[in-house]
Amino acid sequence: QVQLVESGGGLVQAGDSLRLSCAASGRAFSTYAMGWFRQAPGKEREFVSSKYWLGDADYADSVKGRFAISRDDARNTVYLQMNSLKPEDTAVYYCAATPIRGSRRDHDYSYWGQGTQVTVSS
């Protein structure tokens, strides 16, 4: 099994940048695709980005060109670099792991972190 812990959230102004980190346990980390999801107050959890080992990254249209996902399997860590942040990016961000490469469906992800709050002021 995989255990995930997110960090790096905070309060920033519109146009600023943040980098989220997700530390994973287990030697099986490299066999999973890693994803980022977010959930704003009163809204459903939505897909943000995903990355497989040595594979292409996938991004939701709302963040494409602004966010970048990366992973360091030597450290069992996945990152989400968020640039040009907008108030609508405000949400709790979750990292997750799935054996299904390229999935955007949250129900395909078996393991989830506790979430980290990102707040973007205008």
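See the structure printed just above.
Fair warning: this is a prediction, and the values are worked out from it, not measured in the lab.

**Q** Would you take a moment to explain the nonpolar core for this structure?
**A** Proteins that are soluble and globular tend to have nonpolar side chains buried together. By size, the foremost hydrophobic cluster in this structure holds 33 residues, and its most contacted members are Leu4, Met34, Trp36, Phe67, Leu80, Met82 and Tyr93. Broken down by element, the residue count for this core peaks at five residues, all from strand E9 (residues 91-98). Discounting residues that sit within four places of it in the chain, Met34 has contacts with Leu4, Cys22, Phe29, Ser49, Ser50, Lys51, Ile69, Arg71, Val78, Ala96, Ala97 and Tyr109.

**Q** Quick question: what am I supposed to make of the state of the cysteines here?
**A** Evaluated as defined, the whole model comprises one disulfide. Paired through a disulfide, Cys22 and Cys95 show a sulfur-sulfur distance of 1.9 Å. Between Cys22 and Cys95 the disulfide shows an S-S torsion of about 55 degrees. By sign, it is right-handed. One end of the pair, Cys22, is in strand E3 (residues 18-24); the other, Cys95, is in strand E9, with 73 residues separating them in the sequence. The same class applies to Cys22 as to Cys95, namely buried.

Reading the values: the criteria
Residues numbered from 1 in each chain as written. Predicted model: local features only at pLDDT ≥ 70, side-chain atom pairs only at ≥ 80, totals over all residues. Heavy atoms only, no water. Core = buried A, V, L, I, M, F, W, Y, C linked by side-chain atoms within 4.5 Å. Buried < 20%, exposed > 50% of the residue type's maximum accessible area, 1.4 Å probe, protein only. Helix = DSSP H or I, 4+ residues; strand = E, 2+ residues; numbered from the N terminus. Contact = heavy atoms within 4.5 Å. Disulfide = S-S within 2.5 Å.

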